[in-house]
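Listed below are the residues making up each chain.
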Amino acid sequence: MSLDDWILALHVLSAFAYVAGMVVFWVLVGAVRRTDTPEPTIRMGPVVKVGNAAVGVGMGGTIVFGIWLAFSVGGYDIWDGWIIAALVLWALAAETGRRTGAAYTRGMDKAQELEAAGQSGPNAELLALNRTQSGLVLHSLGSALALLILIDMIWKPGA
Amino acid sequence: MTSVLAAVRPDSWNFPLFVHVLGAMILVGGTLTAASALAFARGDVRTLRLGYWSLLAVSLPGYILMRIGAQWIYSKEGLDDAPIEEAWTGIGFAVADAGALLLLIALIVGGVGVRRLRGGSGTGLLRATMVISLLLLAAYVVAIWAMSAKPV
């Protein structure tokens, strides 16, 4: 196996980590929609960290190993249309992911604030934050961008 | 090898490959969610249920999609009629088939565990489901490496 084979494997593994992280967040988005008390919200914290790690490693790996492959593999160039499209989609997905994280962190912050104040009962504001509509829309948009990247990678339009 | 990497496959192979890869990604995501939720539940019934349902409602449909896509692309490549004896297809089929059995065992064991949660027990069975999920994740990493690097 050549170095490029290994880099391709790492690129694909990174893509899997990224999408796996997105799936983790879909499950969490669904789980917190009915959560109006601090304790179950905070309990999701470690799973959120797993999702963050998967998305972080995945996004970092896809871009680093992807650019390596664009320069190293014969027949592909960094300025190929489908590669430029992937880079643009990746950047949009990264920003969308950052905004989604910020939207859902408000619920976690509120839960920690309530717990620190000794309030363990249902809280309407916490429920509203956990049900953030903007967070849901952003996560849907991020998932659509991830899907478009996958389509671009498989069909390679113009290659 | 670079020429193989750069090769553009026939257009008719793209959709089956898309179905295969998308299914595999959903499978890995569901299994990662299940393993994490079950590992960090610390006996919390709601989190244990979340972990189990991730495996049932996300990983299982992902597996079915992945397996349908795999057979479809295998057939498109003409490998049904002329199978190839290469390590990457062997690893792929081994992980898919043994993985299906393990996933089924994890779902049955976890299902019994979830039912027993009402009576205050079942956490041990769900711990077994978590261990199987972690094993599956390790196997999936090997399979993804084999499918992409294609060792002969």
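Residues numbered from 1 in each chain as written. Chains lettered and ligands numbered in written order. Predicted model: local features only at pLDDT ≥ 70, side-chain atom pairs only at ≥ 80, totals over all residues. Heavy atoms only, no water.

Regarding the overall build of chain B
No. 1: Helix and strand counts for chain B come out as five helices and zero strands.
No. 2: Listing each helix as α and each strand as β along chain B from the N terminus yields α-α-α-α-α.
No. 3: With the C-alpha coordinates aligned to their principal axes, the bounding extent of chain B is approximately 60 × 25 × 25 Å.
No. 4: Looking at chain B residue by residue over its 152 residues, the buried ones come to 48%.
No. 5: Where the 11 positive side-chain charges of chain B centre and where its 8 negative ones centre are 22 Å apart. (Helix = DSSP H or I, 4+ residues; strand = E, 2+ residues; numbered from the N terminus. Buried < 20%, exposed > 50% of the residue type's maximum accessible area, 1.4 Å probe, protein only. Lys, Arg positive; Asp, Glu negative; His and termini not counted. Charge placed at Lys NZ, Arg CZ, Asp CG, Glu CD.)

Points about the overall build of chain A
No. 1: On a plain count of helices and strands, chain A comes out with six helices and zero strands.
No. 2: Reading the secondary structure of chain A in the N-to-C direction produces α-α-α-α-α-α.
No. 3: Principal-axis analysis of the C-alpha atoms places the extent of chain A at approximately 60 × 30 × 20 Å.
No. 4: The buried share among the 159 residues of chain A stands at 47%.
No. 5: Considering only contacts within chain A whose residues lie at least 6 apart along the sequence, 80% involve residues at least 24 apart.
No. 6: Of the roughly 7,600 Å² of accessible surface on chain A, 68% is carried by carbon and sulfur atoms. (Contact = heavy atoms within 4.5 Å. Areas by Shrake-Rupley, 256 points an atom, 1.4 Å probe, with all protein chains shown as cover.)

Quick word on the packing of aromatic side chains
No. 1: For the coordinates displayed, the defined rule picks out seven aromatic pairs over all chains.
No. 2: For the ring pair W6 of chain A and W145 of chain B, a centre distance of 5.7 Å and an interplane angle of 35° mean the geometry is tilted. Of this pair, W6 of chain A sits in helix α1 (residues 3-32) while W145 of chain B sits in helix α5 (residues 123-149), placing the two residues on different chains.
No. 3: For W6 of chain A, a relative accessible area of 42% puts it in the partly exposed group.
No. 4: On the basis of relative accessibility, which here comes to 22%, the residue W145 of chain B falls in the partly exposed class.
No. 5: Sitting above the plane of the W88 of chain B ring, K150 of chain B keeps its charged end 4.4 Å from the centroid. (Phe/Tyr/Trp six-rings, centres within 6.5 Å; stacked < 30°, edge-to-face > 60°. Lys NZ or Arg CZ within 6 Å of the ring centre and 35° of its normal.)

Description of the interface of chain B and chain A
No. 1: Between chain B and chain A, the contact holds 38 residues from the first and 38 residues from the second.
No. 2: Interface area, chain B with chain A, both sides summed: about 3,300 Å², of which 79% is carbon and sulfur.
No. 3: On the surface where chain B and chain A come into contact, there are one salt bridge.
No. 4: As a salt-bridge pair, D44 of chain B and R43 of chain A come within 3.6 Å of each other at their nearest N and O atoms.
No. 5: Between the two partners, chain B and chain A, sit three residue pairs in polar contact (both at pLDDT 80 or more).
No. 6: Of all elements in the fold, only α1 (2-6), α2 (11-40), α3 (45-76) and α5 of chain B reach the threshold of two or more residues within the side of chain B that touches chain A.
No. 7: With 17 residues, the top contributor of residues to the side of chain B that touches chain A is α2 of chain B.
No. 8: For the side of chain B that touches chain A, the per-class residue count stands at 25 nonpolar, nine polar and four charged. (Buried area = accessible area lost by both parts, 1.4 Å probe. Salt bridge = Lys/Arg side-chain N within 4 Å of Asp/Glu carboxyl O. Polar contact = N/O pair within 3.5 Å; in protein donor to acceptor, adjacent residues only side chain to side chain. Nonpolar A, V, L, I, M, F, W, Y, C, P; charged D, E, K, R; others polar.)

Examining α3 of chain B
No. 1: Helix length check: α3 of chain B, at 32 residues, gives a terminal C-alpha distance of 45 Å against a target of 46 Å (1.5 Å per residue), a fit within 8%.
No. 2: Of the residues one or two after α3 of chain B, G78 of chain B is the one with positive phi, at around 75°. (Expected span 1.5 Å × (residues − 1).)

Thoughts on the packing of helix α3 (residues 45-72) of chain A against α2 of chain B
No. 1: Running from N to C, α3 of chain A and α2 of chain B point in directions that differ by 145°, and their axes come no closer than 9 Å. Seen from above, α3 of chain A lies across α2 of chain B with right-handed handedness. Contact with α3 of chain A, carried on its side by P46, V47, V50 and A54 of chain A, involves L32, S36, A37 and F40 of chain B of α2 of chain B and no other residues of that element.
No. 2: Taken together, the residues of the contact of α3 of chain A with α2 of chain B break down into seven nonpolar, one polar and no charged. (Axes fitted to C-alpha atoms, helices over the stretch in contact; angles between N-to-C directions. Left-handed = near helix turned anticlockwise from the far one by under 90°.)

Points about unusual backbone geometry
No. 1: One non-glycine residue with positive phi stands out, namely K156 of chain A, at about 45°.
No. 2: Relative to the helices and strands, K156 of chain A is located in the segment after α6 (133-155).
No. 3: Looking at K156 of chain A, the relative accessible area reads 14%, which means it is buried.
No. 4: Phi angles above zero are rare outside glycine, and K150 of chain B is one such case at about 50°.
No. 5: By secondary structure assignment, the location of K150 of chain B is in the segment after α5.

Here's the deal with α1 of chain A
No. 1: The end-to-end C-alpha distance of α1 of chain A, which contains 30 residues, comes to 43 Å, matching closely the 44 Å that a straight helix rising 1.5 Å per residue would cover.
No. 2: Among the 30 residues of α1 of chain A, 22 are classified as buried, and the element is accordingly described as predominantly covered.

A few points about the packing of α1 of chain A against α5 of chain B
No. 1: Contact geometry of α1 of chain A with α5 of chain B gives a least axis separation of 8 Å together with a crossing angle of 130°. One finds that α1 of chain A runs oblique with respect to α5 of chain B. Crossing hand, α1 of chain A versus α5 of chain B: right-handed. Residues D5, W6, L8, A9, V12, L13 and F16 of chain A of α1 of chain A pack against V141, I144, W145, S148 and A149 of chain B of α5 of chain B.
No. 2: Here the residues of the contact of α1 of chain A with α5 of chain B are counted per class, giving 10 nonpolar, one polar and one charged. (Parallel < 35°, antiparallel > 145°, perpendicular 65-115°, else oblique.)

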